[in-house]
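# Remarks on the overall topology
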Amino acid sequence: MTSGAAHLEALLREALSPVEPPADLAQRLELTLVNLTELAQDELESWELSAMRDPRNWARPVAAAVIGTTAGTALVLLRVRARHRSRKAESSSLRQLAEHTLHDIAEETRRILPDR
Amino acid sequence: MGDDDGSKSKAELDARFTELYRAHLRDVYSYSYYRVGNHHDAEDLTEQTFLQAYRHFERAMRESNGRPLRPWLIRIAHNLAANFYRDRSRKPESAIEDAGVISSVHTTESLVEGREELQSILAGVAQLPDDRREALIMRFALGMDNREIARALGRTDGATKVLLHRAIRQLEGIVASSEDTQA
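Residues numbered from 1 in each chain as written. Chains lettered and ligands numbered in written order. Predicted model: local features only at pLDDT ≥ 70, side-chain atom pairs only at ≥ 80, totals over all residues.

### Observations regarding the overall build of chain B
- Across its full length, chain B carries 9 helices and 0 strands.
- Taken from N to C terminus, the helices and strands of chain B fall in the order α-α-α-α-α-α-α-α-α.
- Taken across its 183 residues, chain B has 36% of its residues classed as buried. (Helix = DSSP H or I, 4+ residues; strand = E, 2+ residues; numbered from the N terminus. Buried ≥ 20, exposed ≤ 12 C-beta atoms within 10 Å, placed from the backbone.)

### Focus on the interface of chain B and chain A
- Contact residues are listed per partner, giving 28 residues for chain B and 22 residues for chain A.
- Those elements that provide at least two residues to the side of chain B that touches chain A are helix 1 (2–36), helix 2 (39–64), helix 5 (107–112), helix 6 (116–127), helix 7 (130–141) and helix 9 (157–182) of chain B.
- For the side of chain B that touches chain A, the leading source of residues is helix 1 of chain B, giving 7 residues. (Contact = placed C-beta atoms within 7 Å.)

### Regarding helix 7 of chain B
Residues and elements named next belong to chain B.
- Between its first and last C-alpha atoms helix 7 spans 15 Å; for 12 residues at 1.5 Å apiece the expected length is 16 Å, and the two agree.
- Most of helix 7 is tucked away: 9 of the 12 residues are buried.
- Residues of helix 7 that are buried include every one of R132, E134, A135, L136, I137, M138, R139, F140 and A141, and no others. (Expected span 1.5 Å × (residues − 1).)

### Focus on unusual backbone geometry
- Backbone geometry places B:N65, a non-glycine residue, at a positive phi of 50°.
- Along the polypeptide, B:N65 turns up in the loop between helix 2 and helix 3 (70–88).

### Here we look at the packing of helix 7 of chain B against helix 8 (residues 146–153) of chain B
Residue and element names in this part refer to chain B.
- Packing of helix 7 against helix 8 brings their axes to within 10 Å, and their N-to-C directions diverge by 135°. By the angle class used here, helix 7 and helix 8 are oblique. Crossing handedness for the pair helix 7 and helix 8: right-handed. Listed contacts from helix 8 to D131, E134, A135, M138 and R139 of helix 7 are I149, A152 and L153.
- Split into classes, the residues belonging to the contact of helix 7 with helix 8 amount to 5 nonpolar, no polar and 3 charged. (Axes fitted to C-alpha atoms, helices over the stretch in contact; angles between N-to-C directions. Parallel < 35°, antiparallel > 145°, perpendicular 65-115°, else oblique. Left-handed = near helix turned anticlockwise from the far one by under 90°. Nonpolar A, V, L, I, M, F, W, Y, C, P; charged D, E, K, R; others polar.)

### Notes on the confidence of the model for chain B
Residues and elements named next belong to chain B.
- Mean pLDDT over chain B: 83, with 79% of residues reaching 70 or higher.
- Segment residues 95–107: pLDDT under 50, and 24 contacts once partners within four positions in sequence are set aside and those in other chains are kept.
- Here the predicted complex scores 0.66 on pTM and 0.76 on ipTM. (pLDDT = per-residue confidence, 0-100.)

Take a look at the structure:
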């Protein structure tokens, strides 16, 4: 390396010194991340509670999930996925969408896999 | 039991993310600042980078095979900065343009302020093509080595070495010609 290049690199190191983030940015970011973690947990818990309210709504989907690889289950999933698109437009919240989808899975499972 | 395991691994993941965040907040902020040239947008970019990183952290941990995650973080900031310019249809501001405002908040700029040599270096860096400017920011502001820079930019180690070499040569030319003009 020439002394000119070495000098330039030394100047670059000085000119491009690391910049300390403002203290309030660190606080704001930490708060946002904590809220995100808590929100994700709350959303999951409330979805689980609401979905498990009536066992008839989830016993059959669980059976369908267990046999996961059969053609019948694949068909259930395909049909549910098709209905899921229209449900998405109808549902006003994620929770409502999840409940509708679960209900659709139960219906389709009952229709396609009556012995399950 | 399964739920306990799930909660535990989620808690561990959150703890790892907190470590990553604390270790690299300054890196991401420095990169963002030198990339966008003002503190307001640098704060936005930093915030978006960590939110995006949080969303994909589990996969990044799995795929990193124990390698440091700093290049991955900087790559997120790099992609977001590219979107930032595309969305707002604007070019990066020169850090020099903000020197007055910045010096009241950060020691870095007060260091540069009043030192023509350093100001001319920053002005020269701002004139470089994007990839060369970014490579210099990563090397000199963040202290990243060639391998880390290569991973952040999605290039090979060899191509990165050449990129850095050319960036310094071009900067030398820019600074020399601006000195000639002033003389």
